[in-house]
2 protein chains.
Amino acid sequence: MTITITAFESSPDRGRGLARDMRVRWALEEVGQPYEVRLVSFAAMKQPAHLALNPLGQIPTYEEGDLTLFESGAIVFHIAERFPGLLPTDANARARAVMWMFAALSTVEPPIVDADIVSYAERGKSWQDERRAMVNERIRVRLSELSAHLGDADWLDGAFSAADIIMVHTLRRLEGSALLEDYPNLVAYIARAEARPAYQRAFAAQRAVWEAAAT
Amino acid sequence: MTITITAFESSPDRGRGLARDMRVRWALEEVGQPYEVRLVSFAAMKQPAHLALNPLGQIPTYEEGDLTLFESGAIVFHIAERFPGLLPTDANARARAVMWMFAALSTVEPPIVDADIVSYAERGKSWQDERRAMVNERIRVRLSELSAHLGDADWLDGAFSAADIIMVHTLRRLEGSALLEDYPNLVAYIARAEARPAYQRAFAAQRAVWEAAAT
């Protein structure tokens, strides 16, 4: 069955691979599954045809036969359940991998996304810098905890898993920031993930969409 | 095997059942599993003994034999996989239930938690009201979309599932707000969930902790 995902027609990240279709592309590349992509504009995301796939009006979505999913975490989890390679077979290790997916999305990601909100939605506000400092402090707490957990390990919990896809992609929004560079083991963790051939194929695929849109 | 969870010794919500142990208690009550509770203070959450259970220093945690989990979403999902009653058996329906868990945690919850941050961390700032209005608008978008999806249905996707536990508990932070009352079907959805005997047992159990702490 053909797998079809949706992605931004013109990503606001200008091809940096920060949009959430990147997670799904990366997971599909890790498990060696081909996929098709349907591009949607910001306007189309809130129109009935797309809302029928995702009532919350976001990308990515995932269609495979009579199954339609949305939410990048759920899609990556589905891919990891459906194809071997992204979840441990040991039951406890598997539960911990799923746990780290939830931790990335529910605890680590919200303050990082909030920093982006400060940048675009609060631009020009007299209090933007004050808010940014408060958000950065919340991010710093999470990076400190995560860095202490990771230590010298390659991945979050044993072998590379779906959780590393979500966590690395979440942290990538901080790439190049002084905030992240205070944690060399997290910088190295991201670099290790980005060196994976599956990551590179996924990155190139989303990059090509941006380049086509920009010409 | 004994299941042990952690919860706040003295919850900042003053017994309103908004802390995330409520989700785990509720799930365990739905599947009829007894559990023990170890109470932790805010200070203890960031000490080595608790960080060994959860490096991100939060409650709840879940211990069962040699498995230790954290993140309420992951724990509820584990309970739903381990015991019958909280996930559909049909594969596609199960994937959609998991999807709604991720949607609740990753898309619906962040702006709702942000509203709490406005209330406590930005108290006294000259820009608090302006920020609150911006956050409320983000919440309103999600409530509108969720309300349109739910329509006249009882639950998010067919039968009651683990996803409804997470979504209802997320929405409960808005209980009593004008924001939520603009969506009568969401108010009714919450009330329907709160009427469940399992919910009521879980609520009473967490309430008892607060009452003991307050006397």
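Residues numbered from 1 in each chain as written. Chains lettered and ligands numbered in written order. Predicted model: local features only at pLDDT ≥ 70, side-chain atom pairs only at ≥ 80, totals over all residues. Heavy atoms only, no water.

A few points about the confidence of the model for chain A
- Here chain A averages 97 in pLDDT, and 100% of its residues register 70 or above.
- Reported confidences for the modelled complex are a pTM of 0.98 and an ipTM of 0.97. (pLDDT = per-residue confidence, 0-100.)

Section: the domain arrangement of chain A
All names here are of chain A.
- According to the domain assignment, chain A consists of domain 1 (3–85 + 197–214) and domain 2 (91–194).
- Taken residue by residue, the interface counts 20 residues in domain 1 and 18 residues in domain 2.
- Where domain 1 abuts domain 2, roughly 1600 Å² becomes buried across the two surfaces, and 59% of that area is made up of carbon and sulfur atoms.
- Looking only at domain 1, the three residues that lose the most surface to domain 2 are L18, R23 and W26, adding up to 40% of its buried area.
- One can count three salt bridges joining domain 1 with domain 2.
- One salt bridge connects R20 with E109, and the closest N-O pair in it is separated by 3.5 Å.
- Counting across the interface, domain 1 meets domain 2 through twelve residue pairs in polar contact (both at pLDDT 80 or more).
- Contributions of two or more residues to the side of domain 1 that touches domain 2 are made by α1 (21–30), α4 (72–82) and α10 (197–214).
- If one sorts the elements of the side of domain 1 that touches domain 2 by residue count, α4 sits on top with six residues. (Domains from an automatic or database assignment. Contact = heavy atoms within 4.5 Å. Buried area = accessible area lost by both parts, 1.4 Å probe. Salt bridge = Lys/Arg side-chain N within 4 Å of Asp/Glu carboxyl O. Polar contact = N/O pair within 3.5 Å; in protein donor to acceptor, adjacent residues only side chain to side chain. Helix = DSSP H or I, 4+ residues; strand = E, 2+ residues; numbered from the N terminus.)

Considering the side chain of T4 of chain A
All names here are of chain A.
- Within the secondary structure, T4 is located in strand β1 (residues 3–8).
- Residue classification places T4 among the buried residues on the basis of a relative accessible area of 15%.
- Beyond its immediate sequence surroundings of up to four residues, T4 is in contact with E36, R38, T61, Y62 and E63. (Buried < 20%, exposed > 50% of the residue type's maximum accessible area, 1.4 Å probe, protein only.)

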